[in-house]
Amino acid sequence: MNRDFEFRQILRAYRAGIISEEAFERETAALCANDSVGREFIAMGQAYPSERAAIIAILDRFRAGEANGRVAFTKWVEQCQTECIRSGLRMIAEREGYHVRVFEARLRDLGAECNAETTEAGRRLTERLSSPNISDKEKLLYLASLAPNPEEFFRPFCEFAANIKDDLETRELLDLYIQDELSSANWLLRACAALNGDAQIAVSRDNSASAFV
Ligand SMILES: [Fe+2]
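Fair warning: this is a prediction, and the values are worked out from it, not measured in the lab. (Residues numbered from 1 in each chain as written. Predicted model: local features only at pLDDT ≥ 70, side-chain atom pairs only at ≥ 80, totals over all residues. Heavy atoms only, no water.)

Engineer: Hey, could you run me through the coordination of the iron ion in this one?
Structural biologist: The expected angle between donors at a tetrahedral four-coordinate metal is 109.5 degrees. At an octahedral six-coordinate metal it is 90 or 180 degrees. Glu66 (OE), Glu66 (OE), Glu96 (OE), Glu96 (OE), Glu181 (OE) and Glu181 (OE) make up the full set of protein donors to the iron ion, lying at 2.2 to 2.7 Å. Classification of the site at the iron ion rests on its 6 donor atoms, whose angles at the metal span 51 to 146°, yielding the label irregular. Between consecutive donors of the iron ion, the numbers of intervening residues give the motif E-x29-E-x84-E. In this pair, Glu66 sits in helix H3 (residues 51–79) while Glu181 sits in helix H9 (residues 168–196), placing the two residues 115 residues apart along the sequence. Accessibility assignment for this pair places Glu66 and Glu181 in one class, buried. (Donors = N, O, S within 2.8 Å, 3.2 Å for Na, K, Ca; no water. Tetrahedral: all angles 85-135°; square planar, octahedral: opposite > 155°, others 65-115°. Helix = DSSP H or I, 4+ residues; strand = E, 2+ residues; numbered from the N terminus. Buried < 20%, exposed > 50% of the residue type's maximum accessible area, 1.4 Å probe, protein only.)

This is the structure:
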């Protein structure tokens with residue numbers, strides 16, 4: 001049985017709930033023991049030459065995304081017409097901002113530079129959330145269509161963190177980061193349902209799905 005097959009078996013058992021997270025980590029650690037140096041590291045659907053290379057590239061990418069998120073949510077707060085969600089949006093903007101600072105600090109610790117730039121999707125997000133011509137309810141529906149199931153959306157992030165074996169400081173940083181992101185995403189979904197109703201969210205999901213086919 002080769003190593004990749006064994007790993008997939010363990011991952012499958014973990015996803016199916018057959019083994020706990022602790023058992024998953026123990027099994028994968030045993031599998032990777034004395035084997036992590038010089039092997040490629042798969043993270044977020046991409047292969048990297050090492051765990052360190054993956055961490056640096058992905059932290060930099062997340063940093064750029066969070067910086068864009070901070071701008072997007074800050075601009076939304078400035079335009080927001082719906083009192084009951086304004087401070088929640090402000091909280092999310094602050095979270096995005098401190099995520100940037102912590103990612104920058106960790107990249108500095110690792111002797112890495114910040115090079116990643118805002119993506120096209122990030123630019124579209126900022127454009128929409130900062131628009132005075134799009135209502136708060138529509139902005140919430142738009143975000144709900146991007147991540148209708150936050151747990152599913154952040155699963156690759158969780159897998160990336162769980163697969164880190166050497167850099168435990170970054171793994172713990174990512175663990176807290178993901179909890180923040182889930183909290184923000186779930187709150188946005190609840191706000192969307194409260195202001196638009198669940199039926200509207202379902203329609204928005206269908207429309208967003210059909211936009212890709
Ligand atoms: Fe974020």
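After presenting the structure, the write-up continues.
Engineer: Honestly, the packing of aromatic side chains in this entry has me stumped. Any pointers?
Structural biologist: Each pair of aromatic rings is reported with the distance of its centres and the angle of its planes. Using the criterion set out here, one finds 9 aromatic pairs in the structure. Measuring from ring centre to ring centre gives 5.1 Å for Phe62 and Phe157, while their planes differ by 15°; the resulting arrangement is stacked. You can see Phe62 sitting in helix H3 and its partner Phe157 sitting in helix H8 (residues 155–163), a full 95 residues away along the chain. Here the two residues Phe62 and Phe157 agree in accessibility, since each one is buried. (Phe/Tyr/Trp six-rings, centres within 6.5 Å; stacked < 30°, edge-to-face > 60°.)

Engineer: What exactly am I supposed to notice about the environment of Arg90 here?
Structural biologist: Within the secondary structure layout, Arg90 lies in helix H4 (residues 83–109). For Arg90, a relative accessible area of 43% translates into the label partly exposed. Here the alpha-carbon distance between Arg90 and Phe73, two residues 17 residues apart in the chain, equals 7.1 Å.

Engineer: What is the right way to look at the packing of helix H6 (residues 136–146) against H9 in this model?
Structural biologist: Geometrically, a packed helix pair is captured by the angle between its two axes and the distance between the axes. At their nearest, the axes of H6 and H9 sit 9 Å apart, and the two run at 130° to each other. In this view, H6 runs oblique relative to H9, as classed from their interaxial angle. Where H6 crosses over H9, the handedness of that crossing is left-handed. Contact with H6, carried on its side by Lys137, Leu140, Leu141, Leu143 and Ala144, involves Leu188, Leu189, Ala191, Cys192, Leu195 and Asn196 of H9 and no other residues of that element. When grouped by side-chain class, the residues that make up the contact of H6 with H9 number 9 nonpolar, 1 polar and 1 charged. (Axes fitted to C-alpha atoms, helices over the stretch in contact; angles between N-to-C directions. Parallel < 35°, antiparallel > 145°, perpendicular 65-115°, else oblique. Left-handed = near helix turned anticlockwise from the far one by under 90°. Contact = heavy atoms within 4.5 Å. Nonpolar A, V, L, I, M, F, W, Y, C, P; charged D, E, K, R; others polar.)

Engineer: What am I meant to see in the pattern of salt bridges here?
Structural biologist: Note on pairing: side chains with opposite charge can pair once their charged atoms come close. For the coordinates displayed, the defined rule picks out 8 salt bridges. Across the pair Arg106 and Asp167 runs a salt bridge whose closest N-O atoms are separated by 3.0 Å. Placement of Arg106 in helix H4 and of Asp167 in the loop between H8 and H9 is noted, with a sequence separation of 61 residues between them. Each member of the pair, Arg106 as well as Asp167, is classed as buried. In this structure, Glu169 and Arg106 form a salt bridge, with 3.6 Å as the shortest nitrogen-oxygen distance. (Salt bridge = Lys/Arg side-chain N within 4 Å of Asp/Glu carboxyl O.)

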